[in-house]
Structures are given as C-alpha cells and as structure tokens.
Amino acid sequence: MPFRVLVVDDETAIREAIRMTLEYENYRVDEARSGQEGIDKATKTPYDAILLDIKMPVLDGIEVLENLKEQRVPTPVIMVSGHGDISTAVECTKRGAFDFLEKPLNRDKLLLSVRNAVRQQKLAEEVDELRERAERDYQLVGDSAPMRELKSQIELAAPTKATVLIQGQSGTGKELVAREIHRRSSRARMPFVQVNCAAIPEELIESELFGHEKGSFTGAVRKQTGKFVAADGGTIFLDEIADMSLRTQAKVLRVLQEGEVEPVGSATVVKVDVRVIAATNKDLTDEIRAGRFREDLFYRLNVIPVRTPPLRERREDIPLLAQHFAALFSQEYNKHPKKFTAAALKALADSSWRGNVRELRNMIERLVIMVPSDTIDITDLPAEFFRAAADIISTAMRLSTLQEFKDEAEKSFILAKLRENGWNVSKTAEAIDTPRSNLYKKIEQYNIKRETGGAVAVDGAPE
C-alpha cells in the first residue's frame, strides 16, 4: 500500500509540482489549498507525512502546526518556506516540526525528507503497537478481593520513588506487578531493566549489575555498562533477590543509600537515578536469621511491601484468567477465538494450581494449540481434572457406612491442602481455619505421610 502524504499550500503550481515528484516515487498525494482545509484533512485522515507551507493567508503554516500539535495529530510535519532563514527553521523545530525545506524545492532533498518522515512515522506506530502488546501480555487480570487490594497498593506506590519489595510464591505475577508499578510511574518512558539474580553466576553478578572496566578480571576484554547504569532515570527490577550474595548485597545497599555505582576494576563512581523494585519467593526474615540476607538491605527494600496472592486465594479470578489467556494465544497462533464450557471453567477453578498463574497460563496455551474445536470442554482437559470426581464416586461405592465416607473425604481434603501448602502444617492449618494442634491429630489419625518420604513441615522447617 503506497504511503500517503498531504500537501498544504495556497499556490496551485507548488502543489502540482510536489504531487508529480511524489507520485512518480509511488506516494499517494492529497492536497489542501488553505491552512483550515489542511487541519480538516489531517485530523480526519491518517497520513504518513505532511508538507506544510509557512506563508499562507488567514492561517499560516506555524498556526496550522500549533493546531495539529494541540489536537495530538501524530503525523510528522515538514515545513516549507520561500523566505527561509535559520531563526524560522529553529522556531518551527521548537514547535514540533520534523524538518524544514526552502523554496525552490530541491527534488532530492524533498524525497529524502519525506522518506525520513515516513520512516519515523512507521517506527512510532511499531513502538505504539509493541507497547500495546506488552500491556496486554503483562496485564493484571482479576477482580477478586485480593486482586483489588493488590491493584490499590500499586496505584498508591507507583507515583512515588520509594523502593518496593514484592513477596509471593513462584508464578504469582511478581514481574507483572513490577512492570505495572513502572508503567504507572513518572519513569514510564524511561528504561525498565529486569535482572534475575538467581540466573546469573555468583562470579558474574557484580559485573552484570555494576559494570566493569576492560582488563579488570580474566575475560574482561572490553568495558561493560552495568544494569544499574542502563536503568538510569528508570526502574531496575531485581528478581529473586534472596539469591544474591552478601558481598553483592552490600554494593546494592550503597546504590540505595548514595545513588552511586562502582564498576568492577574502576577507581571512580558513577551517579545514577534508579528506582529499585525487588522480588523474592523466600521469607527474607528467615534468610536474615540464617545469616544469608542483610537486615539493613531488607529495611531499605521493604519501604513499600507488596504481596502477590497465590491462585488458591483468588479462585474466582480463574475463569477470567483462562479466557484472557485463551484470547491472547488464539491471536498469537492465528486460531479462532476459543471459548470454555461452564464445566471446563469449573474444573479449572477447582484445581490446586501449585504453579499458580504461570501454570494456568501454560495449560491454556496447550489447550489453544491442541484442541481443534473452538470450544474447550472438560473432556479436553488433562485426565487429572476430572479423574478426582470419578475417584470420589468410586471410593464412595466401596465404603460401608456414612462415617467411613466422611473420614475418607476429610483425609482426602487434608491431604490435598497439605500438598497445596508445601506440606507446611502451620500454613495449612491457617488456610483451612483449624488449630494447628487439631490438624496434627488428624494427620496422626489418618496416618498421612508425605509422598516423597520427607517429614511434614511446620513453618517451613522439617519436623
């Protein structure tokens, strides 16, 4: 499809000359004989570039340019003048013009300027498209009470520059929360730099975070800019921060306290303005007691604590999440939009999802790819989703009394909840609203043992 250019000039001969030049290069050209006509067309039709004469009666080119900027018309504008001088060119640039050309127009300069303007417009459209796609991909979905509370915390935290510590189980969306805080902050147009502290070898993490000078260690064949410097003006997200060594923690603390980064092998420091958001799936108070995490760094990071709820605490969001992911993957894989039956959604909502939202997302991706029908039913789910119901019926049929059935149901319930909570008795007791002592009695009564052979745990510590 040819690129579309609007030529705004009160002189017919000039418009015709520009038209012939551009149409010869396969541009599609529209004309406007006055400033007002140019405004009307530019605000109603998307153009790839606008050529705008400065000297025109009633509304001159600079007034038209100001009007277009006020109405947020994104099209790049090339100003054209027969009385061009440096001061006029500077004035047009200040007001948002893409380029400035003098009459008589040089054909090569005209084509180069239009070509560059069109290229910029296309790049801007691609950036907007990528940003919209990123917002869809990283969207926080859900309207449950825990999600409303989480969104409220994000809304309050985002406009500030305070550090944020996000804690929650794996797969609960800690990265999404960090990105949403950045997106809603005044730093949204600046870099968002993510660092997975657990994925970087101990001997390289300081270099990755703070950079290094050439020759500062074996293999340092060139100077490297660290992640903190790359994030200057924006946000750095330190994921799995509990896996960072004490030595590196000390240097991160210095950045938070002084705003200074010292590259490895350098005698000088670099000033940075970076907002820090950290995340972990570990209990940092336990890590502090074990001597693996600095208490002073914890207090620096924990200015605004945020907890991401596990999926079992927001089951009412599962149908929304399933439909959201189905729409995303249907579009990504060029499939017809997939719908779920009520039975399928109920089965998904009733599942334990120990991998939380990440596990659910992966499941929906598999279903979108592998189910040929446009409707996903319960029979399309993996066998474990409907096997549990069949097992209950089978068990009920072989039991003799109502008490036996109640005992079997209670045992199955406790066993499922222990699995959900990583075999932690305290967390399980809290989740099912029963005293811990009572839960211990039930575990002993039903002779419940951990499948892996390990002991049942209290507060994360082996019994």
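Right, let's walk through the structure included here. (Residues numbered from 1 in each chain as written. Predicted model: local features only at pLDDT ≥ 70, side-chain atom pairs only at ≥ 80, totals over all residues. Heavy atoms only, no water.)

A few points about the overall build of the protein chain
- Each helix and strand in the protein chain was counted, giving 19 helices and 16 strands.
- The C-alpha radius of gyration computed for the protein chain amounts to 31 Å, which surpasses the reference 23 Å derived for 463 residues by more than 25%, pointing to a less compact arrangement than a globule.
- Based on the C-alpha atoms only, the size of the protein chain along its principal axes is roughly 100 × 60 × 40 Å.
- Taken across its 463 residues, the protein chain has 41% of its residues classed as buried.
- Contacts in the protein chain between residues at least 24 apart in sequence constitute 69% of all its contacts with a sequence separation of at least 6.
- Accessible surface, the protein chain: about 25,400 Å² in total, of which carbon and sulfur atoms supply 50%.
- Mean positive and mean negative side-chain charge positions of the protein chain (68 and 74 charges, respectively) differ by 3 Å. (Helix = DSSP H or I, 4+ residues; strand = E, 2+ residues; numbered from the N terminus. Rg over C-alpha atoms; globule rule 2.2 N^0.38 Å. Buried < 20%, exposed > 50% of the residue type's maximum accessible area, 1.4 Å probe, protein only. Contact = heavy atoms within 4.5 Å. Areas by Shrake-Rupley, 256 points an atom, 1.4 Å probe, with all protein chains shown as cover. Lys, Arg positive; Asp, Glu negative; His and termini not counted. Charge placed at Lys NZ, Arg CZ, Asp CG, Glu CD.)

Observations regarding unusual backbone geometry
- That bond from K103 to P104 is cis: its omega, -5 degrees, falls within 30 degrees of zero.
- Although it is not a glycine, N26 sits at a positive phi angle of roughly 75 degrees.
- For N26, a relative accessible area of 60% puts it in the exposed group.
- Located in the positive-phi region is R72, a residue other than glycine, with phi close to 55 degrees.

Comments concerning the packing of helix α13 (residues 318-332) against helix α14 (residues 342-350)
- α14 packs onto α13 with a crossing angle of 115 degrees between their chain directions and a minimal axis gap of 9 Å. Looking at the two axes, α13 sits roughly perpendicular to α14. Considering only the axes of α13 and α14, their crossing is right-handed. The residues of α14 that touch α13, namely those facing I318, P319, A322 and Q323, are L345, L348 and A349.
- Taken together, the residues that form the contact of α13 with α14 break down as six nonpolar, one polar and no charged. (Axes fitted to C-alpha atoms, helices over the stretch in contact; angles between N-to-C directions. Parallel < 35°, antiparallel > 145°, perpendicular 65-115°, else oblique. Left-handed = near helix turned anticlockwise from the far one by under 90°. Nonpolar A, V, L, I, M, F, W, Y, C, P; charged D, E, K, R; others polar.)

Brief notes about helix α1 (residues 12-24)
- A rise of 1.5 Å per residue sets the reference length of α1, with its 13 residues, at 18 Å; its end C-alpha atoms lie 18 Å apart and thus fit the reference within 8%.
- What α1 keeps buried is the set R15, I18, T21 and L22. The arc enclosing the buried residues of α1, seen along the axis, measures out at 135 degrees, which places them on a common side. Turned more than 90 degrees off the buried face of α1, the exposed positions are A13, M20 and Y24. (Expected span 1.5 Å × (residues − 1). Arc of directions from axis to C-beta.)

Remarks on the sheet that holds strand β7 (residues 192-196)
- One open sheet holds the five strands; their spatial order is β7-β8-β11-β6-β12, and the pairing between them is parallel. For this open sheet the edge positions go to β7 and β12 (304-307), each flanked by a neighbour on one side alone. When the angles between neighbouring strand axes are averaged without regard to direction, this sheet yields 20 degrees.
- Here β7 runs beside strand β8 (residues 235-239); their pairing, made up of five bridges, is parallel. Bridging from a neighbouring strand, V195 pairs with L238 of β8. (Pairing = 2+ DSSP bridges.)

Topic: the sheet that holds strand β5 (residues 99-102)
- Taken in spatial order, the five strands line up as β2-β1-β3-β4-β5 in an open sheet, and their pairing is parallel. In this open sheet, the two strands that pair with only one neighbour each are β2 (28-32) and β5. Averaged over neighbouring strand pairs, the angle between their axes works out to 20 degrees when direction is ignored.

A short note on the pattern of salt bridges
- Scanning the model with the defined rule gives 32 salt bridges in all.
- Note that R254 is salt-bridged to E262, the shortest N-O span being 2.9 Å.
- Classification of E262 by relative accessible area gives partly exposed; the value is 29%.
- With a closest N to O distance of 2.7 Å, R294 and D296 form a salt bridge.
- Judged by its relative accessible area of 27%, R294 falls in the partly exposed class.
- Exposure remark for D296: the relative accessible area of 32% places this residue in the partly exposed category. (Salt bridge = Lys/Arg side-chain N within 4 Å of Asp/Glu carboxyl O.)

Description of the nonpolar core
- Core analysis: the largest hydrophobic core is formed by 29 residues, its most contacted members being L209, F228, I236, L238, M244, V252 and L301.
- Elements represented by at least two residues in this core include exactly β7, α8 (202-210), β8, α10 (246-258), β11 (275-280) and α12 (295-301).
- Of all the elements, α10 adds the most residues to this core, at four residues.
- Of all hydrophobic cores here, the second largest spans 26 residues; its members include L321, A322, A349 and V368. (Core = buried A, V, L, I, M, F, W, Y, C linked by side-chain atoms within 4.5 Å.)

Some words on the side chain of D30
- Locating D30 in the fold gives a position in strand β2.
- Within the structure, D30 has its side chain in polar contact with the side chain of Y47 (distance 2.9 Å).
- Those residues in contact with D30, other than ones at most four positions away along the chain, are R4, V5, L6, V7 and Y47. (Polar contact = N/O pair within 3.5 Å; in protein donor to acceptor, adjacent residues only side chain to side chain.)

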